[in-house]
Amino acid sequence: LDSVGPHTKITFMAQPEGGNGWMFFSKSNGFPQGGMNDQGLFWEGASTPYRAIPSARQNRKQYTGVHIMQKVMEECTSVDEAIAIFSEYYFLDLLDAQYIIGDRFGNAVVIEGDVMTRITGNTQIITNFNYSDIDSGDQAEVIACSRYRTIQDLLSGEDLSIDLMRRALAATHQEAEQAMTLYSAIYDLRNLRVHVYHFHNYENVVVLDLAEELAKGAHVLQLPELFPATFAAEEYRRRYDANQQHTYRMPITNLIV
């Protein structure tokens, strides 16, 4: 996740009656940013330029829950089933974001506002341009995205592996204050494990077993507490917390929105 705020969390949701157990990553506000269920279905998202949803209020219903991916994670076992939900509902988050969804069978799809693009071949890569631009002829943002090109080059050079994914994450992490890489995750969908990395440290990894965590019932882990402290992460947290405290104490007449 590239964003602001060091207080990230991992939430495990116990299986509802007749549904799937699942987990998700979030910032301190608890809004799901990506996760996986106990059927080996995962998703992650990326912010994108605004794109309208023409079908809104025409042939699809608006999903008004907290997050449409909660419905997908609890009800679906495959990409095909997830696509069926997005064929019935639209979600306003997708006006300026896109999701990539994959399953343990090797299927994947990128969901934009009104566009769903299935994987071809054995890789599918998203960053922060609208994925459908790759095939639409509007190549400017794709060509300009060095992170996309870096990952594409890495994945075309050798067989896929956890270590290759780790190196791809390390090569494309961000350190800008307004878009800091807060954590990274690699999902092993067949074994229901998640390899988690904190901040910019790709040497220390925590591997979470989803079945083991769900057996503990619903609970929340504070992601930074799973890792040994590093100077860069601690310094970022100190700056962020000091800024938040300063902002909170400012007279309202001095606020700039």
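Analysis parameters
Residues numbered from 1 in each chain as written. Predicted model: local features only at pLDDT ≥ 70, side-chain atom pairs only at ≥ 80, totals over all residues. Heavy atoms only, no water. Salt bridge = Lys/Arg side-chain N within 4 Å of Asp/Glu carboxyl O. Helix = DSSP H or I, 4+ residues; strand = E, 2+ residues; numbered from the N terminus. Buried < 20%, exposed > 50% of the residue type's maximum accessible area, 1.4 Å probe, protein only. Phe/Tyr/Trp six-rings, centres within 6.5 Å; stacked < 30°, edge-to-face > 60°. Core = buried A, V, L, I, M, F, W, Y, C linked by side-chain atoms within 4.5 Å. Contact = heavy atoms within 4.5 Å. Axes fitted to C-alpha atoms, helices over the stretch in contact; angles between N-to-C directions. Parallel < 35°, antiparallel > 145°, perpendicular 65-115°, else oblique. Left-handed = near helix turned anticlockwise from the far one by under 90°. Nonpolar A, V, L, I, M, F, W, Y, C, P; charged D, E, K, R; others polar.

## A word on the pattern of salt bridges
Going through the model one piece at a time under the given rule, you end up with 18 salt bridges. Two residues, R51 and E112, come together in a salt bridge whose shortest N-O distance is 3.2 Å. Of this pair, R51 sits in the loop between β5 (41-47) and β6 (61-62) while E112 sits in the loop between β9 (108-111) and β10 (116-118), and the two are 61 residues apart along the sequence. With relative accessibility at 27%, the residue R51 sits in the partly exposed group. D114 serves as the salt-bridge partner of R60, at 2.7 Å between the closest nitrogen and oxygen. Here R60 is found in the loop between β5 and β6, whereas its partner D114 is found in the loop between β9 and β10, with 54 residues between them in sequence. On the basis of relative accessible area, R60 is assigned to the buried category, the value being 12%. Through salt bridges with shared partners, a single ionic network connects E158, D163, R166, R167 and E203.

## Re the packing of aromatic side chains
Following the criterion strictly, the structure yields twelve aromatic pairs and no others. Aromatic side chains W22 and W43 sit 6.3 Å apart centroid to centroid with 50 degrees between the ring planes, which places their arrangement in the tilted category. One end of the pair, W22, is in strand β3 (residues 22-26); the other, W43, is in strand β5, and 21 residues separate them in sequence. Summarising the burial analysis for this pair, W22 and W43 share the class buried. With a centroid separation of 6.4 Å and an interplanar angle of 35 degrees, the aromatic rings of Y236 and Y240 are classed as tilted. Of this pair, Y236 and Y240 both sit in helix α8 (residues 231-249), four residues apart, which is roughly one turn of the helix. What makes Y236 buried here is its relative accessible area of 2%.

## What about the nonpolar core?
With 29 residues, the main nonpolar core has I10, F12, M23, F25, M36 and Y187 as its most contacted residues. Those residues in contact with F12 that lie beyond four places of it in its chain are W22, M23, L208, L210, E213, L214, G217, A218, H219 and L221. Of all hydrophobic cores here, the second largest spans 22 residues; its members include V79, I85, F91 and L94.

## Here we look at the packing of helix α5 (residues 146-157) against helix α6 (residues 162-172)
Between α5 and α6, whose axes approach to 10 Å, the crossing angle comes to 155 degrees. With respect to their mutual orientation, α5 and α6 come out roughly antiparallel. Our pair here, α5 against α6, has a crossing hand that is right-handed. Contact residues: R147, T150, I151, L154 and L155 in α5; L164, M165, R167, A168, A171 and T172 in α6.

## Looking at the packing of helix α1 (residues 68-75) against helix α2 (residues 79-88)
The geometry of a pair of packed helices is captured by two quantities: the angle between their axes and the separation between those axes. Two numbers describe how α1 lies on α2: the axes approach to 10 Å, and their chain directions differ by 145 degrees. Note on packing geometry: the crossing formed by α1 with α2 is right-handed. Where α1 approaches α2, its residues I68, M69, K71, V72 and E75 are matched on the opposing element by E81, A82, I85 and F86. Taken together, the residues that form the contact of α1 with α2 break down as six nonpolar, no polar and three charged.

Shape descriptors only; they carry no functional weight alone.
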